Amino acid sequence: MNNKKVSFKDKQEQYKDCPERTTVQIIDGCRYTVHSHFVGDKDLDEVMSKLAFEAAMRESLSA
């Protein structure tokens with residue numbers, strides 16, 4: 001495992017070409033700005049399959 005600390009500037013440079021999205025959410029009258037960076041470290045098909053399987057298991061076991 002790499003324990004080297006990475007600075008914010010280094011992270012910015014590393015992910016500068018990745019897609020970003022900024023949204024504003026209002027929760028209980030407070031305004032929150034959410035700035036998301038999509039770095040693509042996960043396999044979407046694998047994640048969706050796992051979530052679907054877990055949801056099906058929860059539904060099956062709770063009945």
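Not measured: the values here are computed from a predicted model. (Residues numbered from 1 in each chain as written. Predicted model: local features only at pLDDT ≥ 70, side-chain atom pairs only at ≥ 80, totals over all residues. Heavy atoms only, no water.)

Visitor: I keep staring at the overall build of the protein and nothing clicks. Help me out?
Guide: Each helix and strand in the protein was counted, giving two helices and two strands. In sequence order, the secondary structure elements of the protein are arranged as α-β-β-α. At 18 Å, the protein has a C-alpha radius of gyration far larger than the 11 Å of a compact globule built from 63 residues. Projecting the C-alpha coordinates of the protein onto the three principal axes gives extents of approximately 50 × 40 × 25 Å. Expressed as a percentage of its 63 residues, the buried residues of the protein come to 3%. A total accessible area of about 6300 Å² is found for the protein, and carbon and sulfur atoms account for 55% of it. On the protein, the mean spot of the 10 positive side-chain charges and the mean spot of the 11 negative ones are 8 Å from each other. (Helix = DSSP H or I, 4+ residues; strand = E, 2+ residues; numbered from the N terminus. Rg over C-alpha atoms; globule rule 2.2 N^0.38 Å. Buried < 20%, exposed > 50% of the residue type's maximum accessible area, 1.4 Å probe, protein only. Areas by Shrake-Rupley, 256 points an atom, 1.4 Å probe, with all protein chains shown as cover. Lys, Arg positive; Asp, Glu negative; His and termini not counted. Charge placed at Lys NZ, Arg CZ, Asp CG, Glu CD.)

Visitor: So what exactly am I meant to see when it comes to the layout of surface pockets here?
Guide: In this approach the atoms are scanned with a rolling probe the size of a water molecule, which exposes any empty space left behind. Quantified by volume, the largest pocket comes out at close to 150 Å³. If you go around the largest pocket, the residues you meet are Phe8, Lys11, Gln12, Tyr15, Lys16, Glu20, His37 and Val39. For the lining of the largest pocket, the element with the highest residue contribution is helix α1 (residues 8–14), accounting for three residues. Taken together, the residues that form the lining of the largest pocket break down as three nonpolar, two polar and three charged. (1 Å grid on protein atoms, 1.4 Å probe; cavity = no way out; pocket = protein on both sides within 12 Å on 5 of 7 lines; lining within 4 Å. Points joined across faces, edges and corners; volume = space filled by probe spheres on them. Nonpolar A, V, L, I, M, F, W, Y, C, P; charged D, E, K, R; others polar.)

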